[in-house]
Structure formats: structure tokens, C-alpha cells
Amino acid sequence: MSAADTTTPAKVPPPRQAPPPPADDPPRVKRPSGGPSAPWLLLAPCLLILALVMGYPLARLVTLSFQKFGQSQLWGFQPAESVGFDNFAKVLGDGEFWAVVVRTVLFAAGAVVFTMVIGMALALLLQRVSGWLKALINVVLVASWGMPVIVATTVFKWLFDSDYGVLNALLSKLPGVDMIGHNWFASGPEGLAVITLLVVWGAVPFVVITLSAGLTQVPKELEEAARLDGAGSWGVFRYVTLPVLKPIIVMLTTLSVIWDMGVFPQVFVMRNGHPEPEFQVLNTYSYDRAFVVNDYAQGSAIALITVLLLLGVVAVYMRQMLKIGEVE
């Protein structure tokens, strides 16, 4: 045996592997050109239209509320005079104005409560009916929602007419009830109840459709878990459904308050263009002072106070939405 056969062969080290190539940089999102001014340029047409449609009338309203402006100034016989806060002092010192404010607040509160309660009940009912009945109810809701306010008011005038009203005839068929010839507008509370019913009838479809869409977002797992824990229908609604729907309910309530405090055509048309003092709300009262009494400055002051009241409602809405955002 030779020395070459007995010699242990030297171990060859394994070849070094080349380091992996560096990973490619993630693709960068290309930002739109134009800089920070691009969004404002895109919004410029919309902002211009809003400024023309809403900005100028609001600025004119503010200007008139600080002036003496009647028919003489309207026709150019006398120049408009600045009177400072005199118009607001007269309005705020008038007992009739505060009676109108209280009536408007009570009217809006009643309409909003009935709208939200009836809308929520119908929205919950729609979740438990068959498909064809649900589609039929939705068609009826959309049809009533799309009916013009003037047409709906005319229909309600016919329903509650003292001589030819359908409602009086139907109620008179009940045992011991005689409503033939009953005038629903002989007193302010009854007449405002009829107008409230008209406003609720026109507002309920929007609330029902919106709440129905919100109910589809309630997790079924949470409802089943609540039922397994022993919660009844009211418990599931209170502790599961309501918290999920809270942002929608806050939004709908705020919009309803704004719409119902701004009611004008329902009252104006229902009372044939001349609302009696017990039927006056803020919008009709402002119109009456401006175009019946021909005191445009005082009418503008009342309208501006109404805007400030509605801004207070919007401020409460924004605060509630911010609280909801913080909780989420």
C-alpha cells in the first residue's frame, strides 16, 4: 500500500453563496400634480355656485336686518338708513315673537318625536315581513316621499275639510261620534295637530328608508349572543341595535329639527296664504312681517334669528358626532 493510499484527503470548504440581492424598494404612489391648490381648484365651481346661491342672499339678509327698509326704500323714494340693533331690540322685546318661538319649538319637537318613533317602528317592521310585502311598502314610501308638498297639503285640506272631509265622515260612523261639520282649524292646537300630521307623513319615508339601511349593518352575531344571554326583544334593541344606529339617529334627528323648524308651505297653504296668529311659526311670521306689514328689515331680523337658532342645533349635532367619533 503506497503512502498516497493511506493519506487522508484534505477537506475542501464549501463554496460561499453569494448574498441575496437587495429587495426592491416598494413602489411609490405617485401623487397628483398640482400641489395643495389642486383640491381647491376642483372645488372652485361648486364653491362659486354656493356663494352665488346662498352667500349673497345671506349677506343681503344680514345687511337688511341692520337697516330701516320698508316700501319707501324698496321703491327708491328714500335711502336705506342704518339703525344698528334697533330691529333686533324691537323683535326681542315683542311678546308676540316669543309666543311664536315657543309655538315653533313645540311644533318642531312634536313633529320630530312622532317622525322618529313611527319611522323606527316601520323600519323594524320591514325587517320582519316577506320580500314582496317589503318591496310594496318601499314603493309606497318612495311615492309618498316624492309627492310635492303643495299636492300633499291640498290632499290633507280635503281630508280634514269641515264640509266634505273624508275623516269627519269616517269618524261619524263610530258609535256615539258626530263629527259632521267639525272645523279642525277653529282652534290653534287642533289645526297645528293636523299640520304636524302632514309634516310627519312627509318626513317618515326618508327616516324609514335610512333606518332600514342602517339596520342591515347590525351584526346578527351580536343579536344572537344577546338572546343567548337571556335578553328579550327590548333588550336586544336597547343594547345592540340602538348603539349601532346611534350616529344615524343623531343625524336624522338633527335634520328633522332643522326641517320642522323651517316649515313654511304646509302652514301657508293650509291656511290659504293668511295664517292666523295662533298658526304662526317663525318662517311664516317672518314672511308676514316682511311682505304683509311691509317691514322688510324686521322680517330680515326675524329670519336671521331663526338662522342663529338653527346654527345652535347644528352645533349640538356636531358635538354629538365628535363624541361618537371619539368613542369609536
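Residues numbered from 1 in each chain as written. Predicted model: local features only at pLDDT ≥ 70, side-chain atom pairs only at ≥ 80, totals over all residues. Heavy atoms only, no water.

Looking at this structure, how should I read the overall build of the protein?
Broken down by element type, the protein carries 14 helices and two strands. Relative to its 328 residues, the protein shows a buried fraction of 31%. For the protein, the exposed surface amounts to about 21300 Å²; the carbon and sulfur share of it is 68%. (Helix = DSSP H or I, 4+ residues; strand = E, 2+ residues; numbered from the N terminus. Buried < 20%, exposed > 50% of the residue type's maximum accessible area, 1.4 Å probe, protein only. Areas by Shrake-Rupley, 256 points an atom, 1.4 Å probe, with all protein chains shown as cover.)

Please explain the confidence of the model for the protein as it appears in this structure.
Any segment with low pLDDT has predicted coordinates that should not be analysed in fine detail. A residue-level look at the protein finds 88% of positions with pLDDT of 70 or above and a mean pLDDT of 85. Highest mean pLDDT in the protein belongs to helix α5 (residues 95-126) (94); lowest belongs to helix α1 (residues 3-6) (47). Low pLDDT, under 50, characterises residues 1-8; the predicted model gives this stretch one contact beyond four residues in sequence or across chains. (pLDDT = per-residue confidence, 0-100. Contact = heavy atoms within 4.5 Å.)

Would you explain unusual backbone geometry in this entry?
Negative phi characterises most residues that are not glycine, and trans characterises most peptide bonds. If you check the backbone angles, Asn272 has positive phi at about 60 degrees while not being a glycine. With relative accessibility at 54%, the residue Asn272 sits in the exposed group. In this model, Asn294 sits at a positive phi of 65 degrees, which is unusual for a non-glycine residue. Here Asn294 is to be found in the loop between α13 (282-291) and α14 (296-327). A relative accessible area of 25% places Asn294 in the partly exposed class.

Explain the nonpolar core here, please?
In summary, soluble globular proteins display a tendency toward joint burial of nonpolar side chains. Ranked by internal contacts, the top residues of the largest apolar core, which has 33 residues, are Phe97, Leu211 and Leu282. Of all the elements in the fold, those that place two or more residues in this core are α4 (86-92), α5, α9 (188-215), α11 (233-261), α13 and α14. Discounting residues that sit within four places of it in the chain, Leu282 has contacts with Phe97, Val100, Val101, Thr104, Met261, Ile302, Thr306 and Leu309. Grouped together as the second largest cluster of nonpolar side chains are 23 residues, Phe160, Leu192, Ile195 and Val267 included. (Core = buried A, V, L, I, M, F, W, Y, C linked by side-chain atoms within 4.5 Å.)

What am I meant to see in α9 here?
Quick reminder: α-helices carry 3.6 residues per turn. Residues three or four places apart thus point the same way. With 28 residues, α9 ought to run about 40 Å at 1.5 Å a step, and its terminal C-alpha atoms sit 38 Å apart, in line with that. By the largest-angle criterion, Ala203 marks the main kink of α9, which is about 35 degrees, and a proline, Pro205, follows within four residues. Taken across its 28 residues, α9 has 20 buried, putting it largely inside the fold. (Expected span 1.5 Å × (residues − 1). Bend = angle between axes of the 7 residues up to and from the residue.)

Got a minute to help me understand a nonpolar patch on the surface in this structure?
Where nonpolar side chains cluster on the molecular surface, the patch consists of Trp40, Leu43, Leu47, Leu48, Ile49, Leu50, Leu52, Val53 and Met54 and spans about 970 Å² of accessible area. Structurally, the position occupied by Val53 is in helix α2 (residues 38-65). Relative accessible area serves as the criterion here: at 56%, Val53 is assigned to the exposed category. (Patch = residues over 30% accessible without salt bridge, like charges linked within 9 Å, V, L, I, M, F, W, Y side chains within 5 Å. Salt bridge = Lys/Arg side-chain N within 4 Å of Asp/Glu carboxyl O.)

Looking at this model, I keep getting lost on the packing of helix α7 (residues 149-159) against α9. Mind explaining?
What describes two packed helices is the angle between their axes and the distance between those same axes. Look at α7 against α9: their axes get within 11 Å of each other, and the N-to-C directions meet at 140 degrees. With respect to each other, α7 and α9 are oriented oblique. Seen from above, α7 lies across α9 with right-handed handedness. In this structure, α7 uses Ala152, Thr153 and Phe156 to contact α9, whose residues at the interface are Val194, Leu197, Leu198 and Trp201. When the residues that make up the contact of α7 with α9 are grouped by side-chain class, the tally is six nonpolar, one polar and no charged. (Axes fitted to C-alpha atoms, helices over the stretch in contact; angles between N-to-C directions. Parallel < 35°, antiparallel > 145°, perpendicular 65-115°, else oblique. Left-handed = near helix turned anticlockwise from the far one by under 90°. Nonpolar A, V, L, I, M, F, W, Y, C, P; charged D, E, K, R; others polar.)

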